Amino acid sequence: MSYQGLKGWMESETFDGLRASALSNVWFPFQQWNDVAGEGGLRIITEGHGAKIVDFQGKEYYDGFAGLVLVNVGYGREEIARAVYDQISTLHYANTFAFATIPVIKLAEKLASITPGDLNHVFLTSGGSDSVETSMKMARQYHVNRGEPKRSKFISRKGSYHGVSLGALSVNTAPWVKREIFEPMLPTVRIAPQPSPYRCELGGTTPSECAVRCAEAVEKIMLEEGPETIAAVIAEPVSVSTGVAVPGPEYWPMLRDICDRHGVLLIADEVINGFGRTGKMFGMEHFGVVPDMITVAKGITSGYQPVGACITRDHVAQAFVGGPEETFQHGYTYSGHPAGAAAALVNIDIIEREDLVGNSARMGEYLLDRLTPLREHPIVGDIRGLGLMCALDLVKDKGTKEPLSTIPDACSKLTNRLADNGLLTRVSQYLILTPVLTVSRQEVDEIVDIVSDGISYIEKELGY
Ligand SMILES: Cc1ncc(COP(=O)(O)O)c(C=O)c1O
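Residues numbered from 1 in each chain as written. Predicted model: local features only at pLDDT ≥ 70, side-chain atom pairs only at ≥ 80, totals over all residues.

Moving on: the overall build of the chain. Along its length, the chain carries 15 helices and 15 strands. At 22 Å, the chain has a C-alpha radius of gyration in line with the 23 Å of a compact globule built from 464 residues. Seen through its principal axes, the chain has C-alpha atoms that stretch 60 × 60 × 40 Å. Counting only residues that meet the buried cut, the chain has 48% of its 464 residues in that class. For the chain, contacts bridging at least 24 residues in sequence account for 72% of all contacts bridging at least 6. (Helix = DSSP H or I, 4+ residues; strand = E, 2+ residues; numbered from the N terminus. Rg over C-alpha atoms; globule rule 2.2 N^0.38 Å. Buried ≥ 20, exposed ≤ 12 C-beta atoms within 10 Å, placed from the backbone. Contact = placed C-beta atoms within 7 Å.)

This is the structure we're talking about:
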């Protein structure tokens, strides 16, 4: 069969034919085949423009989840497509271990200039899990190179998502990832409490109290294990997988101080937070802390190409300068794809030129303001966010904070209601709203109206 392209397929294919083919041959990540095969379980998306996507039947939706929280510059950016086309037509690939390409050099220079402090050294990958995996291996070899080979352990936080390769999975405890199936994980990971003010597991009653207790808990773990055995702490500046848990202002400076005192590296996972999502270019800028490494992906290209990176400070890179023994023993075929780099460069240019970081801050504030009246609903326990990263914490009971997701089908019914009214997003324990960073006030108004209807609808269905 010859390649028809989207236009040809739209004319020659039917929904039922594509669906049957998908069910026979496509394996959807994290999805149960029976659910995909169920009624309404498969949506085939064919187009995107700005904040919206369109399915095969022509129905238009707001993408309230921006793909998988990555389409920062919005859908349909032809200038990125053109840059990728130009690069691929001239040189689509060069051996990334042996050679440099100009877009990769330019991208690394650009990233060094926009990341905080002396985060200057860019190891490119093809996604978030690869970037986290790279940071973990880099942390271990950093200590080996400096004569501290016993530093092999990692500390991450409860409920944080960091990816799915076995190393990244070892520090990933997002509730929907049933990682026990893949055990044994790396045996050298300890999980610290999440500084989530609404659900502080250490009983903190204010964001600050929760932050201080959770940071102290990290140091307690280090002392229990022996600080001389810890390689790194890894954490997202603001965790989305725990429903946009914005830590109190004390948390990150305390983590920085604890890591410095014990010779432990601090890794900030900016895979979601980075490139404007939080209303700053990088999430860590909210907290005035420069980590030793950051991991990025997603918003670096807004999904126009699969690219990620682990970016390190000068002192980390310096530990790898020497002879063969010091050389970082790690690399991917796509550690520096020229077309990916081209896409990233244009994407970052758009973010800067259109002040999408500012728009994320302004529209994020407006979105939170507009959502605030929903707090009156019995199933809305908390509403929180930073930039265009917002979550409604849905509860069965405001007193006990038991998640609404414990009521069978409640979340899927709400998801369907939102979709019927033209909003696609993730609803689990949290209703997540992370639209594209170009979103306008009017679009925010329309999104909030759909959410408001959905909350009222599900409450009525459940008899509140
Ligand atoms: C904070 C964080 N780190 C890492 C990852 C893994 O990224 P990827 O799915 O590109 O491997 C994700 C994915 O959602 C993430 O949210």
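We are not done yet, so read on.
What follows concerns the sheet that holds strand S1 (residues 45–49). Read across the sheet, 4 strands follow the order S1-S2-S3-S14 without closing on themselves; strand pairing throughout is mixed. Edge positions in the open sheet fall to S1 and strand S14 (423–424), since each of these has one partner strand only. Sheet topology note: the strand S3 (residues 60–63)/S14 ladder contains 2 bridges and is parallel. Each bridged residue has a counterpart across the sheet, and for Asp63 the counterpart in S14 is Leu424. (Pairing = 2+ DSSP bridges.)

In the vicinity of the ligand lie 13 residues, with Gly127, Gly128, Ser129, Gly163 and Val271 positioned nearest. Looking at the shell around the ligand, the element that brings in the most residues is helix H7 (residues 128–145), giving 3 residues. Classifying every residue of the shell around the ligand gives 6 nonpolar, 5 polar and 2 charged. (Near = placed C-beta within 6 Å. Nonpolar A, V, L, I, M, F, W, Y, C, P; charged D, E, K, R; others polar.)

Take the packing of helix H9 (residues 207–225) against helix H10 (residues 251–262) next. Interaxial distance between H9 and H10 falls to 9 Å at its minimum, and their mutual angle equals 15°. Classified by the angle between their axes, H9 and H10 sit roughly parallel to one another. Crossing of H9 over H10 shows right-handed handedness. Touching Ala211, Val212, Cys214, Ala215, Val218, Glu219 and Met222 of H9 are Tyr251, Met254, Leu255, Ile258 and His262, all from H10. Among the residues making up the contact of H9 with H10, the classes are represented as 10 nonpolar, 1 polar and 1 charged. (Axes fitted to C-alpha atoms, helices over the stretch in contact; angles between N-to-C directions. Parallel < 35°, antiparallel > 145°, perpendicular 65-115°, else oblique. Left-handed = near helix turned anticlockwise from the far one by under 90°.)

Parsing the chain into structural domains produces domain 1 (43–73 + 355–462) and domain 2 (79–353). For domain 1 and domain 2, the distance between their C-alpha centroids amounts to 27 Å. Taken together, the 27 residues of domain 1 in the interface contact 24 residues of domain 2. Contributions of two or more residues to the side of domain 1 that touches domain 2 are made by helix H4 (66–69), helix H13 (356–371), strand S11 (380–385) and strand S12 (390–397). Residues belonging to the side of domain 1 that touches domain 2 are distributed by class as follows: 14 nonpolar, 9 polar and 4 charged. (Domains from an automatic or database assignment.)

This paragraph deals with the nonpolar core. Counting residues in hydrophobic clusters, the biggest one holds 126 residues, and the most contacted among them are Ala232, Val233, Leu255, Leu265 and Ala343. The biggest single contributor to this core is helix H12 (residues 338–353), with 9 residues. Looking at which domains feed residues into this core, each of domain 1 (43–73 + 355–462) and domain 2 (79–353) supplies at least three. Once residues lying within four places of it in the same chain are set aside, the contact partners of Leu265 are Ala139, Tyr142, Ala231, Ala232, Cys259, Asp292 and Met293. (Core = buried A, V, L, I, M, F, W, Y, C linked by C-beta atoms within 7 Å.)

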